[in-house]
Amino acid sequence: MSHERSLDPHSEANRAWWDGVVPIHEASRGYDRDGFLRGEKPLCPVELAEFGPRVNGQRLLHLQCHFGMDTLSWARLGAVVTGLDFSEPAIEAARRLSAESGVPGRFVQANVYDAPAALGETFDLVYTGIGALNWLPDIARWAKVVAACLRPGGSLYLYEGHPMLYTLEQRTDDQLRVTLPYFELREPNVNDGDTTYVDGPKLEWRRNYEWNHGLGEVVTALVSAQLRIEFVHEHRAVPWAALPTMEPVGPALPGADGRYQANRMWQLPEPQRDLVPLMYSLLATKS
């Protein structure tokens, strides 16, 4: 079922971009769809440690679920899952993945800001995963959506790229430089690259728009939406090679393929490893 509402021009352009990358991501080594079907693609270690023990038997909503791989991974851990995304091709791909894997899940097409109206129910848990919030222009409005989708006593778990990471670029001498805004601004950052963040062919639709949200802005938005912060953790490793000199954490995995290894964490080399956080995780509960 589709829940179409008008989008602002930036979000409409982003939806076109995401529509176009769905088949690329389905076929990529980075997402490793075949590995998921074989049961070989778990969630990130941080997510499993911090949130995994909470999901069994719980009704879980995954906002901005893309083509559903992480959503269905939570279902494999016992959650009753619903995924929501604004891309129709992504939702169709999520339903295919559910059918082919035999892992049950419900998938709804809607803009994240329309989630309460589109779903018409509340959940025990809301999950938002890696690389999601940077596509949203208004973090305070997002926090209100999260609160509206949670039952009293329900919890949000967020595992996301740290806003400091999204400000950085690596110079030719490998030094880190802050080049993009840390805080949420009205005008987005404009991207015109011809590749996505995993392996695959060149993109036909190249332009997309992103917004950063400072950690304080995220926490304040959730508190203002009447959620109680249980923890905020900052992490030195990230689940993709976000900067050119990043090194893999731990030994290579069987069948790993360079920088597109599935289930692999990455970190900055020494002596930069302790300079900045790369990811953060957050748990918040609705009063």
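Starting from 1, residues in each chain are numbered consecutively following that chain's sequence as written. The model is predicted, so local features are restricted to residues of pLDDT at least 70 and side-chain atom pairs to those at 80 or more, both for listing and for counting; the totals for chains, interfaces and linings are taken over all residues. Note that the side-chain values use all heavy atoms of the structure and ignore hydrogens as well as water.

**Looking at the overall build of the chain**
Right, so step 1: For helices the rule is a DSSP run of H or I covering at least 4 residues; for strands it is a run of E covering at least 2, with both sets numbered from the N terminus onward. Tallying secondary structure elements over the chain gives 8 helices and 15 strands in all.
Right, so step 2: Throughout, radius of gyration means the C-alpha value; the globule benchmark is 2.2 Å times the number of residues raised to the power 0.38. Taking 2.2 N^0.38 as the reference for a compact globule, 287 residues should give roughly 19 Å; the C-alpha atoms of the chain span a radius of gyration of 18 Å, in line with that estimate.
Right, so step 3: Buried means the residue's accessible area, taken with a 1.4 Å probe over protein chains only, is under 20% of the maximum for its type, while exposed means over 50%, and partly exposed covers the values in between. Expressed as a percentage of its 287 residues, the buried residues of the chain come to 52%.
Right, so step 4: Only heavy atoms enter the contact rule, under which two residues are in contact if any of them lie within 4.5 Å. Considering only contacts within the chain whose residues lie at least 6 apart along the sequence, 72% involve residues at least 24 apart.
Right, so step 5: In short, Shrake-Rupley with a 1.4 Å probe defines the accessible areas, and a residue's cover is counted only from the protein chains shown. Accessible surface, the chain as shown: approximately 12,800 Å² in total, 52% of it carbon and sulfur.
Right, so step 6: Residues scored as positive are Lys and Arg, those scored as negative are Asp and Glu, and His as well as the terminal groups of each chain are ignored. Charged side chains are reduced to one point each, which is NZ for Lys, CZ for Arg, CG for Asp and CD for Glu. Measuring between centres, the 27 positive side-chain charges of the chain sit 3 Å from its 37 negative side-chain charges.

**Focus: unusual backbone geometry**
Right, so step 1: The linkage connecting Glu 270 with the following residue, Pro 271, adopts the cis geometry, with an omega of 10 degrees.
Right, so step 2: Checked against the element boundaries, Pro 271 lands in the loop between β14 (266–267) and β15 (279–286).
Right, so step 3: You will see that Gln 64, though not glycine, has its phi angle at about 60 degrees, which is positive.
Right, so step 4: According to the relative accessible area criterion, Gln 64 is buried, its value standing at 18%.
Right, so step 5: Non-glycine residue Asp 174 carries a positive phi angle of around 75 degrees.
Right, so step 6: Tracing the backbone through its elements, the reader meets Asp 174 in the loop between β7 (168–170) and β8 (176–178).
Right, so step 7: Assessed through its relative accessible area of 39%, Asp 174 is described here as partly exposed.

**Brief notes about the environment of Phe 183**
Right, so step 1: The residue Phe 183 is located in the loop between β8 and β9 (189–191) in this model.
Right, so step 2: Looking at Phe 183, the relative accessible area reads 52%, which means it is exposed.
Right, so step 3: For Phe 183 and Leu 133, which are 50 residues apart along the polypeptide, the C-alpha to C-alpha distance reads 13 Å.
Right, so step 4: When residues no more than four places from it in sequence are discounted, the contact partners of Phe 183 are Asn 212, Gly 214 and Glu 217.

**Considering the pattern of salt bridges**
Right, so step 1: The rule for a salt bridge is simple: a side-chain nitrogen of Lys or Arg has to be within 4 Å of a carboxyl oxygen of Asp or Glu. Taken as a whole, this structure holds 17 salt bridges when the rule is applied.
Right, so step 2: Residue Glu 230 pairs with Arg 228 through a salt bridge whose shortest N-O separation is 2.7 Å.
Right, so step 3: Where Glu 247 meets Arg 273, a salt bridge forms, and the shortest distance between an N and an O atom there is 3.0 Å. Within this pair, whereas Glu 247 is found in strand β13 (residues 247–248), its partner Arg 273 is found in the loop between β14 and β15, the two being separated by 26 residues in sequence.
Right, so step 4: When its relative accessible area of 33% is taken as the criterion, Glu 247 is described as partly exposed.
Right, so step 5: For Arg 273, a relative accessible area of 17% translates into the label buried.
Right, so step 6: A single network of salt bridges, built from pairs that share partners, joins Glu 26, Arg 33, Arg 96 and Glu 100.

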